[in-house]
Every structure is written in C-alpha cells, then in structure tokens.
Amino acid sequence: MREPRPLTSYRLADLLADIVDHVRPAFGKGKVAGYIPELAKVNPRKFGIAVATLDGADVAAGDADEPFSLQSVTKLFALQLALNRGGDDIWTRVGKEPSGTAFNHLAILEAEQGTPRNPFVNAGALTVTDYLMGRSGDVAKLVLEYIRASAGGISGDIDEAVAASEIATAHQNRAIAHILKVHGTIDHAPDAVVNAYCRQCAITASVRDLARAALPLAMDGFSLHSGESILAQRMVRRVNAVMMTCGMYDSTGSFAYRVGLPAKSGVGGGIVAVAPGLGSIAVWSPELDRAGNSLVGTIALELFAQNTHWSVL
Ligand code: GLU
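To start, this report covers the structure provided alongside it. (Residues numbered from 1 in each chain as written. Predicted model: local features only at pLDDT ≥ 70, side-chain atom pairs only at ≥ 80, totals over all residues. Heavy atoms only, no water.)

1. Details of the site of the ligand
Then, in step 1: Residues in close proximity to the ligand total 12 residues, the closest being Tyr35, Gln71, Ser72, Tyr197 and Tyr249.
Then, in step 2: The separation between a nitrogen atom of the ligand and a polar side-chain atom of Glu166 is 2.7 Å.
Then, in step 3: Contact with the protein chains removes 99% of the 290 Å² of surface that the ligand exposes when unbound.
Then, in step 4: Looking at side-chain class alone, the shell around the ligand contains 6 nonpolar, 5 polar and 1 charged residues. (Near = heavy atom within 4 Å. Polar contact = N/O pair within 3.5 Å; in protein donor to acceptor, adjacent residues only side chain to side chain. Areas by Shrake-Rupley, 256 points an atom, 1.4 Å probe, with all protein chains shown as cover. Nonpolar A, V, L, I, M, F, W, Y, C, P; charged D, E, K, R; others polar.)

Structure (structure tokens):
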C-alpha cells in the first residue's frame, strides 16, 4: 500500500502553485451555472485552492481569499447540524443512497413516495433545512454560524442578492418541496422551506475559509479553533461516507475514481474534500462540467491527490 507522503517531503506551497499553472489550459471548457441569474455574473476564470492541515496551518494559492457562493457545499454543514441536534433522527426522513440522477431531479422522488435518496440531492437538502427550521428561526444564520465556528471565522456572509435571485427563480425546488409536503416528509410550508434553503445556499466563503471549516471532518470531529469536539466521531464517519458516495452529484463514482476522497461540490464552483487524518482541501473555479461540478476544480483535486497520495485509492 502506498503511504500518504508526509508534508515535510515536499513543499505544499510549491505544489499548490504548480497546480494553479497546470489547470490554466482547462479554462473555457466548462460553463458557469446560469440558472441562478446572479451567479452568472461571476468571472469564470477564477481559480483558488487551499489546504488546511492537522497542525492548524493553511496553505493556499490563486484566488484563495475571495469569497464565492457556496451553494450546495452548505449541505455538508447543514447535515452536520442535523446530526448534532437530533442524532440519527434525520435518517428516518432521508436515505443514504446515491441518486443516479441530477441534483434537482423530481421523478425519482415521486416514485419513491417523497423519501429523498440522500441529504445532498436537493430533495434531501430541503428536508434537512426543514428539520433545522424546527430548531432555529433562521436556518441560513445557523449554518453560517456553524461554518464560522468550525473555521474559526470566515470572510464571507449571506449574499442576499444571490438568495433573492434564486428565490425568484426556484420553480424546480418549489415543485420538489411540494412533493415532500404531500408525503409528509417536511413539516413546514413548502415556500418557507425553499426560501430558507436558498438563503442557506447563498452563504459565501473563500477556499481558505472552506478548507478550515471542513478540517474537523479530518480530525474525528475535533475543532482546532474551539479546542473541543464539534461533532461526534461516529457522526463524522457517517458524513464522510455519505460524501464519498453521494457528494458529487451524478458523477460521484467517476470523481471517486479520479480523486478518491470524500467531497462535496456546489454550483458556485466550489468543492471541499476531506482526507481523514491528514487534512482538508478546498478548490473554487466557477466553470462547471456536465454533472454540475467545477471542471477545473476537479482537475486540481486529481492533481493534488496524485501528488500527495492523499486518497483512499
Ligand atoms: N441552490 C442551488 C439549487 O438548489 C444549489 C445547487 C447546487 O449547488 O448543487 O439549485
């Protein structure tokens, strides 16, 4: 078995700088998400990468300190909150299987009587948001505060313009929420759930923030910033497992094949990956591949895994 290379055997900063150079030719091959009008305004040729390590250091390159729209990456933190607040309760409403369909697919939800396949497709994430609404008046704020606490502070916030832009056009998510309501999967009014979910998705952070926020998932739930456990070890295992099998939309399998790390992506172009016992990596580049994952970000993570052997493969 190959051993992960200890960070002292090469210079992480040099590797990240090399990755910034290597990914450049891939600009222009993907497409920025246009279905949320406000997101379409972003400069497509941005790229940032950051790595947080167990000693509390972070190393970054490119546009690593620019906050961007986290979108579905927030589902990773909302799930942690649901597990934190209610233990395994959430699994009575949401499954743990890959969906094999697009993140906002409707048909499978209807066929399966309103039980979402997993917490990372929109149906599952809306259900998690609804669950958290039973525990907090402002779910977006709750998720933001959790990200802040995990990271030890972040440079982003809730981007109300992005939230309003998505709320105005969230017809598919509204349809999903209504199906969830018909089947009793969510408790609150569908429109209220969609609005809370869109505000949660509109949280912004930089890749440096994001890598730090995910570090507890590489450390059995321990937060270096608060000096205490923020998530029970067995919950961390569940979260990482569901990321590994469901975190990258309908190309989770090929992502695992190429990168071999649990990861969660968002249509804002962010991806966060966890290497248990080693560290966490965040990338951002807005152009997406056909599955909705950052095209350049995936290439960057593949290069990172190849060079560091931070991988389950
Ligand atoms: N707010 C987005 C939506 O529900 C998030 C999608 C994503 O990042 O995958 O359409």
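2. Some words on the environment of Asp187
Then, in step 1: Tracing the backbone shows Asp187 in the loop between helix H7 (171-182) and helix H8 (190-201).
Then, in step 2: The exposure class of Asp187 is partly exposed, given its relative accessible area of 49%.
Then, in step 3: C-alpha separation for the pair Asp187 and Tyr131, spaced 56 residues apart in sequence, amounts to 7.8 Å.
Then, in step 4: Residues contacting Asp187, with those up to four places away along its chain left out, are Arg93, Asp130 and Lys181.
Then, in step 5: Among the polar contacts listed, one links the side chain of Asp187 to the side chain of Arg93, at a separation of 3.1 Å. (Helix = DSSP H or I, 4+ residues; strand = E, 2+ residues; numbered from the N terminus. Buried < 20%, exposed > 50% of the residue type's maximum accessible area, 1.4 Å probe, protein only. Contact = heavy atoms within 4.5 Å.)

3. Examining the packing of helix H5 (residues 139-151) against helix H9 (residues 207-214)
The packing of two helices is summarised by the inter-axis angle and the distance between the axes.
Then, in step 1: Between H5 and H9, the least distance of the axes is 7 Å, while the angle of their chain directions is 80°. In terms of orientation, H5 lies roughly perpendicular with respect to H9. Together, Ile147, Ser150 and Ala151 of H5 and Asp209, Arg212 and Ala213 of H9 make up the contact between the two elements.
Then, in step 2: Residue classes in the contact of H5 with H9 are distributed as 3 nonpolar, 1 polar and 2 charged. (Axes fitted to C-alpha atoms, helices over the stretch in contact; angles between N-to-C directions. Parallel < 35°, antiparallel > 145°, perpendicular 65-115°, else oblique.)

4. A closer look at empty space enclosed by the protein
Then, in step 1: Summed over all chains, the structure comprises 2 cavities of 30 Å³ or more.
Then, in step 2: Its boundaries defined by the atoms lining it, the second largest cavity holds a volume of some 40 Å³.
Then, in step 3: Around the second largest cavity, the lining residues are Ala52, Gly56, Ala57, Asp58, Arg212, Leu215, Leu224 and His225.
Then, in step 4: Partitioned by chemical class, the residues of the lining of the second largest cavity number 4 nonpolar, 2 polar and 2 charged. (1 Å grid on protein atoms, 1.4 Å probe; cavity = no way out; pocket = protein on both sides within 12 Å on 5 of 7 lines; lining within 4 Å. Points joined across faces, edges and corners; volume = space filled by probe spheres on them.)

5. Brief notes about the packing of H7 against H8
Then, in step 1: One can describe the packing of H7 onto H8 by two numbers: an axis separation of 9 Å at closest approach and a directional angle of 130°. Compared by their axis directions, H7 and H8 come out oblique. Where H7 crosses over H8, the two elements pack in a sense that is right-handed. Listed contacts from H8 to Asn173, Arg174, Ala177, His178 and Lys181 of H7 are Pro190, Asp191, Val194, Asn195 and Tyr197.
Then, in step 2: Of the residues that constitute the contact of H7 with H8, the class distribution is 4 nonpolar, 3 polar and 3 charged. (Left-handed = near helix turned anticlockwise from the far one by under 90°.)

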